[in-house]
Amino acid sequence: KAGVTQTPRYLIKTRGQQVTLSCSPISGHRSVSWYQQTPGQGLQFLFEYFSETQRNKGNFPGRFSGRQFSNSRSEMNVSTLELGDSALYLCASSPEGRKQETQYFGPGTRLLVL
Amino acid sequence: GQNIDQPTEMTATEGAIVQINCTYQTSGFNGLFWYQQHAGEAPTFLSYNVLDGLEEKGRFSSFLSRSKGYSYLLLKELQMKDSASYLCAVSPGNTDKLIFGTGTRLQVFP
């Protein structure tokens with residue numbers, strides 16, 4: 001089975017712009033979670049989607065949003081970019097998103113905001 | 001609140017044994033995961049503990065004590081390729097999301 005894929009891998013934007021990141025989960029996985037990883041904060045949970053519905057949400061401002069399509073692919077959008085949004089954005093998939101399930105991570109999208 | 005603590009950095013010598021500790025305080029508990037992340041790469045799953053005790057998987061073992069809110073990852077016969085960050089993550093009881101620690105960066109020297 002192919003792993004989790006994310007596009008693009010690298011992105012440079014300027015403050016105030018918006019960005020859309022894409023994640024394709026492992027075939028058959030219906031849960032997709034998004035994380036922001038920074039050196040100081042580690043991995044922080046953004047949100048989780050299951051069957052096209054946001055099921056869980058972390059403590060991020062409304063500028064961060066996402067959606068999931070019927071084929072389980074997910075997109076994440078960040079509007080009005082700030083310098084502090086520079087980070088590695090990881091998505092992870094699991095079959096049903098249950099507590100005990102292992103999450104499989106994609107390679108991430110490295111976003112740099114100038 | 002929810003909190004996970006692990007050391008920021010550790011160093012060890014090739015062939016040695018290293019123990020990476022993780023303590024947690026969460027609202028409920030549904031299991032603890034360890035992930036390995038090489039620089040510039042995605043985290044990869046190492047182990048999952050939900051019951052007290054030691055889980056052994058080759059050179060890697062993971063231990064859990066729920067009453068103490070404590071886990072450790074034990075790496076034996078260290079190899080240079082074990083140089084990576086090791087992330088401890090807890091599945092709390094009141095939500096399906098994972099809470100991650102900031103990770104322990106392990107450097108293995110020859």
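Residues numbered from 1 in each chain as written. Chains lettered and ligands numbered in written order. Predicted model: local features only at pLDDT ≥ 70, side-chain atom pairs only at ≥ 80, totals over all residues. Heavy atoms only, no water.

Draft legend 1. Structural view of the overall build of chain A. Across its full length, chain A carries zero helices and 11 strands. For chain A, the N- to C-terminal ordering of α and β elements is β-β-β-β-β-β-β-β-β-β-β. Scaling as 2.2 N^0.38, a compact globule of 114 residues should have a C-alpha radius of gyration of about 13 Å, and chain A matches this with 13 Å. For chain A, the spread of C-alpha atoms along the principal axes amounts to about 35 × 25 × 25 Å. Every one of the 114 residues in chain A was classed for burial, and the buried ones make up 51%. The long-range fraction of contacts in chain A, counting pairs at least 24 apart against all pairs at least 6 apart in sequence, stands at 54%. Of the roughly 5,400 Å² of accessible surface on chain A, 48% is carried by carbon and sulfur atoms. On chain A, the mean spot of the 13 positive side-chain charges and the mean spot of the 7 negative ones are 3 Å from each other. (Helix = DSSP H or I, 4+ residues; strand = E, 2+ residues; numbered from the N terminus. Rg over C-alpha atoms; globule rule 2.2 N^0.38 Å. Buried < 20%, exposed > 50% of the residue type's maximum accessible area, 1.4 Å probe, protein only. Contact = heavy atoms within 4.5 Å. Areas by Shrake-Rupley, 256 points an atom, 1.4 Å probe, with all protein chains shown as cover. Lys, Arg positive; Asp, Glu negative; His and termini not counted. Charge placed at Lys NZ, Arg CZ, Asp CG, Glu CD.)

Draft legend 2. Broad picture of the sheet that holds strand β7 (residues 60-65) of chain B. Residues and elements named next belong to chain B. Read from one edge to the other, the open sheet built from five strands follows the order β1-β3-β8-β7-β6, with strand pairing classed as antiparallel. If you trace the sheet from one side to the other, it starts and ends with β1 (3-5) and β6 (53-57), each paired once. The average angle at which neighbouring strand axes cross in this sheet is 15°, direction not considered. Alignment of strand β3 (residues 18-25) against strand β8 (residues 70-75), held across six bridges, turns out to be antiparallel. Counterpart to Ile20 in the pairing with β8 is Leu73. (Pairing = 2+ DSSP bridges. Axes fitted to C-alpha atoms, helices over the stretch in contact; angles between N-to-C directions.)

Draft legend 3. Structural context of the state of the cysteines. Scanning the model with the defined rule gives two disulfides over all chains in all. Linked covalently through their sulfurs, Cys23(A) and Cys91(A) form a disulfide whose S-S length is 1.9 Å. Negative torsions about the S-S bond denote left-handed disulfides, and the value of about 65° found for Cys23(A) with Cys91(A) makes this one right-handed. Here Cys23(A) is found in strand β3 (residues 19-24), whereas its partner Cys91(A) is found in strand β9 (residues 87-94), with 68 residues between them in sequence. Cys91(A) shares its class with Cys23(A); the two are buried. Sulfur-sulfur distance for the disulfide between Cys22(B) and Cys88(B) comes to 2.0 Å. Negative torsions about the S-S bond denote left-handed disulfides, and the value of about -65° found for Cys22(B) with Cys88(B) makes this one left-handed. Of this pair, Cys22(B) sits in strand β3 while Cys88(B) sits in strand β9 (residues 84-90), and the two are 66 residues apart along the sequence. (Disulfide = S-S within 2.5 Å.)

Draft legend 4. How the structure looks around the side chain of Gln103(A). Structurally, Gln103(A) can be placed in the loop between β9 and β10 (104-105). Only 3.0 Å separates the side chain of Gln103(A) from the side chain of Tyr35(A), close enough to count as a polar contact. Not counting chain neighbours up to four residues away, the residues in contact with Gln103(A) comprise Ser33(A), Tyr35(A), Ala92(A), Ser93(A), Ser94(A), Tyr35(B) and Leu98(B). (Polar contact = N/O pair within 3.5 Å; in protein donor to acceptor, adjacent residues only side chain to side chain.)

Draft legend 5. Region of interest: the pairing of strand β6 (residues 53-57) of chain A. Residues and elements named next belong to chain A. Pairing of strand β5 (residues 42-50) with β6 involves four bridges; the strand directions are antiparallel. Along β6, the bridge assignment pairs Glu48 with Asn56. Connecting the antiparallel pair β5 and β6 is a turn made up of two residues, with Ser51 showing a positive phi of about 50°.

Draft legend 6. Spatial organisation of unusual backbone geometry. All names here are of chain A. A cis amide bond, omega -10°, links Thr7 with the succeeding residue Pro8. In this fold, Pro8 is placed in the loop between β1 (5-7) and β2 (10-13). Positioned with a positive phi, Glu52 is a non-glycine residue whose angle comes to about 70°. With respect to the helices and strands, Glu52 occurs in the loop between β5 and β6. Even without being a glycine, Thr80 presents a positive backbone phi close to 45°. In this fold, Thr80 is placed in the loop between β8 (74-78) and β9. Taking the relative accessible area as the measure of exposure, Thr80 reaches 47% and is therefore partly exposed.

Draft legend 7. Structural context of the interface of chain A and chain B. At the interface, 23 residues of chain A touch 20 residues of chain B. Between chain A and chain B, a total of about 1,700 Å² is buried, with carbon and sulfur atoms accounting for 53% of that surface. Considering only the side of chain A, the residues that lose the most area to chain B are Leu43(A), Lys99(A) and Phe105(A), jointly responsible for 35% of the buried surface there. Along the contact surface separating chain A from chain B lie zero salt bridges. Listed by contribution, the elements that provide at least two residues to the side of chain A that touches chain B are β4 (31-38), β5, β6 and β9 of chain A. The class makeup of the residues in the side of chain A that touches chain B is seven nonpolar, 11 polar and five charged. (Buried area = accessible area lost by both parts, 1.4 Å probe. Salt bridge = Lys/Arg side-chain N within 4 Å of Asp/Glu carboxyl O. Nonpolar A, V, L, I, M, F, W, Y, C, P; charged D, E, K, R; others polar.)

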